[in-house]
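Architecture and fold: a report
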Amino acid sequence: MMLTKLKGGKVYDPANQVNGEVRDLYVRDGRIVAAPVHDERTHCEYDLTGHIVMAGAIDLHTHIGGGKVNIARAMLPEDHRRDIVARTSLTRSGCGHAAPATLTTGYRYAEMGYTACFEPAVLPMNARQAHMEMGDTPIVDKGGYALLGSDDFLLRMMAAKSDQKAINDYVAWTLNSSHCIGIKVVNPGGISAFKFNQRAMDLDEDHSYYQVTPRQILTVLARALSDLGVPHPLHVHGCNLGVPGNVATTLETVKAAEGLPMHLTHIQFHSYGTEGDRKFSSGAARVAEAINQNKNISTDVGQIMFGQTVTASGDSMTQFRNAPFGRPKKWVVMDIECDAGCGVVPFRYRDTNFVNALQWAIGLEIFLMVSDPWRIFITTDHPNGAPFMSYPHLIKLLMDKTYRNSMLDTINPDAAAESTLASLTREYSLYEIAIMTRAAPAKILGLTDRGHLGPGAGADITVYSDDADKQKMFAQPRYVFKDGELVVQNGKITKVSWGNTHVVKPEYDKSIEQPLKTYFERYQTMRMDNFKISDDEMQEFGHANKLLSHPCRKQT
């Protein structure tokens, strides 16, 4: 029952409307507690005078586990050699820059002040392996979004005109069986269509075999999550990723939500026009306007940053198209059972390249033109836009327009001329950064005890030494506490813990298992009972960590 006092820090806690107030925080048994009413003795005290205090940061879209990440690790030995991490008395050795090893991933996130990370593409068939990898990622909390929308069972249901109730049961069964916290759809129907030799598929184009459209898939899945009361809305990687002119598809995707909550992920890759001599232009203003006008829509940017990385996606259709642009020249595109597919293509974003430079500007334009920080999130779609270690640099770009404009002057001049970035004077405040990286991700994921510093919250706390150079400040926190334990001091690991796993378990009619069992026996390589992951397995994967099940808001 030790009581720890964090004294005199400047607190930014948007969930509780605290904007830079000097306050004391108290921690007991891994939780933030109210100030003691009597002269209770504190067992440990940290003087945080002159320091910035926020909740632990949350990355709601980062590829840290699953088959595609492992493929990326396996096919990039040069990525291992360029970034080797030696073991210490506390931490184990590791390697990898664009696709770091599990242990290195957890250490680096914690050293930047992050305490929770969510893998956005857990293939249900492969969920056991994905959870094992995430369970081996230390310190940070984890969670995953199960991938649906190109799975054969759902497409069969839609082709057969199954009612929404049956689809809801299937979605809930998938969330329970795969131990995920949300549902993601990637190029809805497109991964399956690729297997039937379609090489492109727009929002209202029929799947050549199942005769359903991406718009129909989005509508039924968004409806299912709303009916089930799952906190996180449908997480959408839309059609035509990376295709010039895809801004029109993105605007139609907003309409496809039909007013239901929908999260459009890595929106930068879906915001391209066809204006100009090169037929590639920014659609940022049109996308930002649509988001500003539709309060049911949230987004993360998927900002690209210049340098070497690797793209790893379930969108096999897009990755097949992008394979010729891979650098170094190697790629993988594969089908996975009747569920989905994936593609891995190494890539180097160059500031001298017109398209890459304009992509960089488009992402920043979106950040600066979406007005509500509660509905836009800082991501690089790690590792697709850049490794997550680039977040401090990205935050500096958002907070310092002078620095941002100096960087704009260094990119391809034709791209700079095509961009409106120089005219955007907005600078994010620390309060807004705390919203985007803490309070808002927790809110949209339904994590009521994370992302804030009020009594009852899990004591995930990050303390920064205030510095005019925000990149330096956010790169190396003074202290990071995870569930009340000091895990990082001066940017170095002081204790290795294993974090929690966040899930939802919506109710469903168990009769859905009758057709599923028959389907598994006829078409899949494993039986249905082996597909389902037990709570005991989850704890075993996660070094006996806690499985935190968050309530669904309503049932219909």
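These remarks concern the structure in this document. Computed from a prediction, not measured in an experiment: that's the story for all the values here.

Criteria and thresholds
Residues numbered from 1 in each chain as written. Predicted model: local features only at pLDDT ≥ 70, side-chain atom pairs only at ≥ 80, totals over all residues. Heavy atoms only, no water. Helix = DSSP H or I, 4+ residues; strand = E, 2+ residues; numbered from the N terminus. Contact = heavy atoms within 4.5 Å. Polar contact = N/O pair within 3.5 Å; in protein donor to acceptor, adjacent residues only side chain to side chain. Buried < 20%, exposed > 50% of the residue type's maximum accessible area, 1.4 Å probe, protein only. 1 Å grid on protein atoms, 1.4 Å probe; cavity = no way out; pocket = protein on both sides within 12 Å on 5 of 7 lines; lining within 4 Å. Points joined across faces, edges and corners; volume = space filled by probe spheres on them. Nonpolar A, V, L, I, M, F, W, Y, C, P; charged D, E, K, R; others polar.

Bringing the environment of S419 into the picture now. By the element assignment, S419 lies in the loop between helix 15 (413-418) and helix 16 (430-445). A sequence separation of 11 residues divides S419 from L408, and the C-alpha atoms of the two residues are 9.5 Å apart. When near neighbours in sequence (up to four residues on either side) are disregarded, S419 contacts L358, A361 and E365. In terms of polar contacts, S419 uses its side chain to reach the backbone amide nitrogen of L421, at 2.9 Å.

Take the side chain of H266 next. Note that H266 resides in the loop between strand 13 (262-264) and strand 14 (272-273). We classify H266 as buried; its relative accessible area is 2%. Excluding anything up to four places from it in sequence, H266 contacts H61, K184, H237, L241, D300, V301, G302 and D381.

Empty space within the largest pocket amounts to approximately 770 Å³. N322, F325, F347, N356 and Q359 are the residues nearest the centre of the largest pocket, which is lined by 39 residues in total. Contributing elements (two or more residues each) for the lining of the largest pocket: strand 11 (182-186), strand 17 (307-313), helix 11 (316-322), strand 19 (340-349) and helix 12 (354-369). Across the lining of the largest pocket, the residue classes break down as 15 nonpolar, 15 polar and nine charged. The space that makes up the second largest pocket amounts to roughly 380 Å³. Going through the elements one at a time, helix 3 (102-111) and strand 24 (492-493) are the ones with two or more residues in the lining of the second largest pocket. Per element, the largest residue contribution to the lining of the second largest pocket is four residues, and it comes from helix 3. Here the residues of the lining of the second largest pocket are counted per class, giving eight nonpolar, five polar and three charged.

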